[in-house]
Amino acid sequence: MADIARLDNAIGWVHFRLGGGWKNIISTTVGGLVLVIGLIAASLRIDPTSPTGILSGWTHALLGVQAGVLILLGCSAVRRAVRKDITTGMIESHRLMPVSGTTAIGGYVLGPTRQAMVLSVAALLVGSVTAMSSGIALENWLLANAVLASFAVCTWIVAAFVALKTRGGTGIFVLLVVFAVLGQGIILALLPGLTLPISPIVGASILSFLSPGAAWGPAYQTSFFAHVGLAILCYVGATRRYRRDDLLSFGPLGGLALAAAWAALSVAAIDNWEAVRPRWMDTSRLDSSTQLVSSLLMAMLVAIVPIHAATWIEVQWHRRQRLDDPHLGRRPIRSIPVVLAAAAICLLLPAVVAPTRALTSDSLARTAVVLVAFLFSVSYLLRISYRGKARATVILGIWIFLTWLGPWLIELVRFGMLGLDEDELLTSPIVGCSPVGTLTHIWVNGDLSTNLGLAVQLLLAAAPAILFYALPRRFHGERGSGVRPSAPAASP
Amino acid sequence: MEQDSSCREVLVALERVRVHFGPLVAVRNVSFELRGGDLLGLVGPNGAGKTTLLRAVAGLQPLACGRVQVMGGTVAPGAINVLRHIGFTPDTPVVYEELTARDFLRFIATAYGIPTEDFRERIDFWLEQVWLREKADQRIRALSRGMRQRIGIARTLLPNPPVILLDEPAAGLDPAGRVQFRQLLCSLRDQGKAIIISSHILADLNEYCTHIAIMARGSIVQFGTVAEVAGAGDGQRCRYTIVLARPTAGVADLLSKVAGVNAVEIDRDRITLEFSRQREDAAALLAELVAQQVPVASFTANAPDLEEAYLRTGIRQVD
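Conventions and cut-offs
- Residues numbered from 1 in each chain as written.
- Chains lettered and ligands numbered in written order.
- Predicted model: local features only at pLDDT ≥ 70, side-chain atom pairs only at ≥ 80, totals over all residues.
- Helix = DSSP H or I, 4+ residues; strand = E, 2+ residues; numbered from the N terminus.
- Buried ≥ 20, exposed ≤ 12 C-beta atoms within 10 Å, placed from the backbone.
- Contact = placed C-beta atoms within 7 Å.
- Pairing = 2+ DSSP bridges.
- Axes fitted to C-alpha atoms, helices over the stretch in contact; angles between N-to-C directions.
- Domains from an automatic or database assignment.
- Nonpolar A, V, L, I, M, F, W, Y, C, P; charged D, E, K, R; others polar.
- Parallel < 35°, antiparallel > 145°, perpendicular 65-115°, else oblique.
- Left-handed = near helix turned anticlockwise from the far one by under 90°.

1. What about the overall build of chain A?
Right, so step 1: Counting secondary structure elements, chain A contains 22 helices and zero strands.
Right, so step 2: Here chain A holds 492 residues, and the buried ones make up 43% of them.
Right, so step 3: Excluding contacts between residues fewer than 6 apart, the proportion of contacts in chain A whose partners are at least 24 apart in sequence is 79%.

2. Considerations on the sheet that holds strand β14 (residues 296-301) of chain B
Residue and element names in this part refer to chain B.
Right, so step 1: What the four strands build is an open sheet, ordered β12-β13-β11-β14; its pairing is antiparallel. Unpaired on one side and paired on the other, β12 (262-267) and β14 mark the two borders of the sheet. Neighbour-to-neighbour, the strand axes of the sheet open up by a mean angle of 20°, direction not taken into account.
Right, so step 2: In this structure, strand β11 (residues 237-244) lies alongside strand β13 (residues 270-276), joined through seven bridges in antiparallel fashion. Along β13, the bridge assignment pairs I242 with I271.
Right, so step 3: Strand contacts of helix α10 (residues 279-291): β13 and β14, with the helix running at about 165° to β14, the strand carrying the most contacts.

3. Some thoughts on the sheet that holds strand β5 (residues 73-74) of chain B
Residues and elements named next belong to chain B.
Right, so step 1: Spatial strand order, β2-β1-β4-β5: four strands in an open sheet with antiparallel pairing. The open sheet terminates on both sides in strands that have one partner only, identified here as β2 (24-35) and β5.
Right, so step 2: Pairing analysis gives eight bridges linking strand β1 (residues 10-21) to β2, with the strands arranged antiparallel. Looking across to β2, one finds that L14 is bridged to F32.

4. Remarks on the domain arrangement of chain A
Residue and element names in this part refer to chain A.
Right, so step 1: When the domains of chain A are assigned, the result is domain 1 (10-276) and domain 2 (288-470).
Right, so step 2: The gap between the C-alpha centroids of domain 1 and domain 2 is 34 Å.
Right, so step 3: Contact with domain 1, which involves 19 residues of that partner, is made by 25 residues of domain 2.
Right, so step 4: Broken down by secondary-structure element, the contributors of at least two residues to the side of domain 1 that touches domain 2 are α10 (192-195) and α13 (252-271).
Right, so step 5: It is α13 that contributes the most residues to the side of domain 1 that touches domain 2, 12 residues altogether.
Right, so step 6: Across the side of domain 1 that touches domain 2, the residue classes tally to 14 nonpolar, four polar and one charged.

5. A short note on the packing of helix α16 (residues 304-322) of chain A against helix α18 (residues 361-387) of chain A
Residue and element names in this part refer to chain A.
Right, so step 1: Put simply, α16 and α18 touch, their axes get as near as 9 Å, and they point 40° apart. Judged by the inter-axis angle, α16 sits oblique to α18. Considering how the two elements wind past one another, α16 and α18 form a crossing that is right-handed. When α16 is examined against α18, the residues I304, I307, H308, T311, W312 and V315 are found in contact with a partner set consisting of L375, V378, S379, L382, R383, Y386 and R387.

Below, the structure is given as structure tokens:
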């Protein structure tokens, strides 16, 4: 780990050089400093009557600049460096070098971002002067910068991870922002676990550090730990992905850790919602039960990650076994225990944050049935698709659409034709046949019977399992390419 | 140069290596071993699986089955102590075009942990070896394809790996470069490195390889020393070249009537044909030609070569 940040980290060094090296950094930083100091001096000259107010304004503005430089410039530099190495094929040359994945990702994170770091230090120094001159406590200014820096490093690691995984890293980021902004941030309100890591920007923002009496309260502490956890997970995922394209970012254990992290983030965010909520949003009408259900549904989607990993590894192992691989290795962990573990992790969410009135062993048991049925069906669908040539994402997407939203669509059409109202729709037994409906009935609507819904979901879960065992057990690609006798083994 | 192979250490061992691309089996159960000082030429039509096999040995290609071992360690993603023993030059070496050749090699030297006090000397040495000393401080972007190819070779050899994999390394080199490259390869082979080279230039392989593997449709169809592969096939027959004093009409008809003569090719005053390897039979054929007043200037049995051996396998371009 020690060589991640070393100056002779080869990948960090080369991307630093490719970004222009010290020459470019010094010229940009000096130019930026001259511009900012010139603007500050000009604004003081234009309105010499209230220098304290102007400098306070500049301190706030500089913090905004810091955020822009560290997050936007930094993430963009990391993403560009990783994508460049992937698209040119240079990453394969790196993979042959005796550079560990940990060191390589360290290089990708710390090499291309040196420009942003130096600019940020310059802004920190200027901001320290303006803060002290405007009566803002220096420790508050430094604390705000420290929180921002921890957030920025987390975003750089996430950027490296996303860039290694997908081509459209920027597209995903833009999509997230659009989703967050659309509906006045309703996604952020429904998924508090998503809001918590970005709370230094949208919640109890770093700007509030500059107000008198601000302190490093529980919201910041929680988000700091969220950043550390998220960064570790993404770092490990990026490291695996760096080693070879076909490796899964998260194995079964990593995936379970990801699901646990989501559950922990959601619990912490729902408990501290007032501190982390977006400042522009009035969430007084939002019930924590609704947040629980939406977070639980998201947890079910996140739980697909370890199940996908376990299923993939299991199917690959069977494939090698059928090819009589002399170096087959130990049988990997089966997917069914992973399904149960993932369901147990998801179940922690309602167990910890559910309102006391709703939290009964019956409601937990019913939730467990929903979780296990869904994850079990996912496991078999993935096994079917990995064994054949169907795309897993397409099959899963269709399955989730049909089972989660199908009953709602049926009821929406029926209610539209009959002209019934919204409350009746939410309490409809047909809606209760989808996991969304059942969980809403259990945790939001209270005493509604969910027996029909649970029975339907169990039946639906059995369908992929039956299909899996009914289909012939031939792997995609085996026809016409079966194992032949060994090619001439030779030893010169 | 030749040592008893059993005394030399096995540097590369492939055991039932199989690579799939979806339903396509790109490499099919390939097994062989190479020892220090072995230089294996990999030949075959486009799409035979040569590049995939080299990538599999380098650990860049996931295996559907089997194992590759280099110096006793299994090649796997992230096995940096094994991967450091492998040098691989792809057919189009990837370089950072914005860097100079020297800076690029400095990056490689840093990554391989070559001590700072050594790497200047080593970079200069390899720049000299690939004839790029005078271009060392030019940006790679400004260099020709052949020069980039040489930088790719220098990148591979700079860390001094005992196992070297070269995919069509001479493709971008000029004639003088090829000659120098051949000398370099012979020198590396004599240093005891295990080298696998994929190439379509069989005449070159004939000169410097110790072993040849002919690949088709993912499988190795022939493997052995150059002499074994070149001499393989019908041991009773060989090709002859007959040079006439002048182009002569009717020779083709005459030859077609001689029992055992086939694959006759006539190019003005030069005839090549396949016939019995027996000296008595060859003498009888020559006597028959002379008796028919064919003006034979020379009559030579060709030494077995790789091109012939390759053509004998009947491999056609993969669809």
